[in-house]
Amino acid sequence: MFESGIERTIIITAIVLWFAHGWYLNERLKHVHKKLDLALEAFDGLRDYLYEIDPQFDDERQLLEDLHESLDNGSMSFSGMNHMELIKKKEQEGKRTLNTPLIR
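Residues numbered from 1 in each chain as written. Predicted model: local features only at pLDDT ≥ 70, side-chain atom pairs only at ≥ 80, totals over all residues. Heavy atoms only, no water.

**Student:** Lay out the packing of aromatic side chains with the relevant residues and their values.
**Tutor:** Following the criterion strictly, the structure yields one aromatic pair and no others. Measuring from centroid to centroid gives 5.3 Å for Trp18 and Phe19, while their planes differ by 50°, and the two rings are tilted. (Phe/Tyr/Trp six-rings, centres within 6.5 Å; stacked < 30°, edge-to-face > 60°.)

Next up, the structure:
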């Protein structure tokens, strides 16, 4: 198959370099993924913060508080149904809700 030792050495060296290059690129890709995960976590925290202070979600937050109060008190309440209706209404109007992801 190989006529001389030089050809064999060149082919084996090329294969070793090919694997080494693949390993190097894989390690670089791991670092890129770590940085990307950090950036996405930061954006998720920003989203939570903005949703906490944004007045357009006050109605949803109030309905959720009413629902939690009624569940804690054990009383019958239609807060859950009202919350679902509000979410459907907002989605039909094209408005964001508390659970709307940043990227659609």
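**Student:** Talk me through the pattern of salt bridges; I want residue IDs and the actual numbers.
**Tutor:** For the structure on display, the rule yields five salt bridges. Measuring nitrogen to oxygen at the nearest pair gives 3.3 Å for the salt bridge that ties Glu27 to Lys30. With Glu27 and Lys30 both in helix α1 (residues 5-53) and three residues apart, the pair spans about one turn of that helix. On the basis of relative accessibility, which here comes to 25%, the residue Glu27 falls in the partly exposed class. With its nearest N and O atoms 3.4 Å apart, the salt bridge here joins Glu93 to Lys95. With relative accessibility at 45%, the residue Lys95 sits in the partly exposed group. Here the salt bridges share partners, and the residues they tie into one network are Asp59, Glu60 and Lys90. (Salt bridge = Lys/Arg side-chain N within 4 Å of Asp/Glu carboxyl O. Helix = DSSP H or I, 4+ residues; strand = E, 2+ residues; numbered from the N terminus. Buried < 20%, exposed > 50% of the residue type's maximum accessible area, 1.4 Å probe, protein only.)

**Student:** An account of the confidence of the model for the protein is needed here, citing residue identities and associated values.
**Tutor:** Summary statistics for the protein give a mean pLDDT of 82 and a share of 90% for residues scoring 70 or more. Mean pLDDT across the elements of the protein bottoms out in helix α2 (residues 58-73) (79) and peaks in α1 (88). (pLDDT = per-residue confidence, 0-100.)

**Student:** Pulling in residues and values, what's your account of the side chain of Lys90?
**Tutor:** Residue placement: Lys90 occurs in helix α3 (residues 79-93). Given a relative accessible area of 6%, Lys90 falls into the buried group.

**Student:** Talk me through α2; I want residue IDs and the actual numbers.
**Tutor:** Between its terminal C-alpha atoms α2 stretches 22 Å, which fits the 22 Å expected from 16 residues at 1.5 Å a residue. What α2 keeps buried is the set Glu60, Arg61, Leu63 and Ser70. Immediately downstream of α2, the backbone of Gly74 shows phi near 75°, a positive value. (Expected span 1.5 Å × (residues − 1).)

**Student:** Help me get a handle on the environment of Trp23, residues and values and all.
**Tutor:** One can find Trp23 in helix α1. Between the alpha carbons of Trp23 and Asp37 there is a distance of 21 Å; along the sequence they are 14 residues apart.

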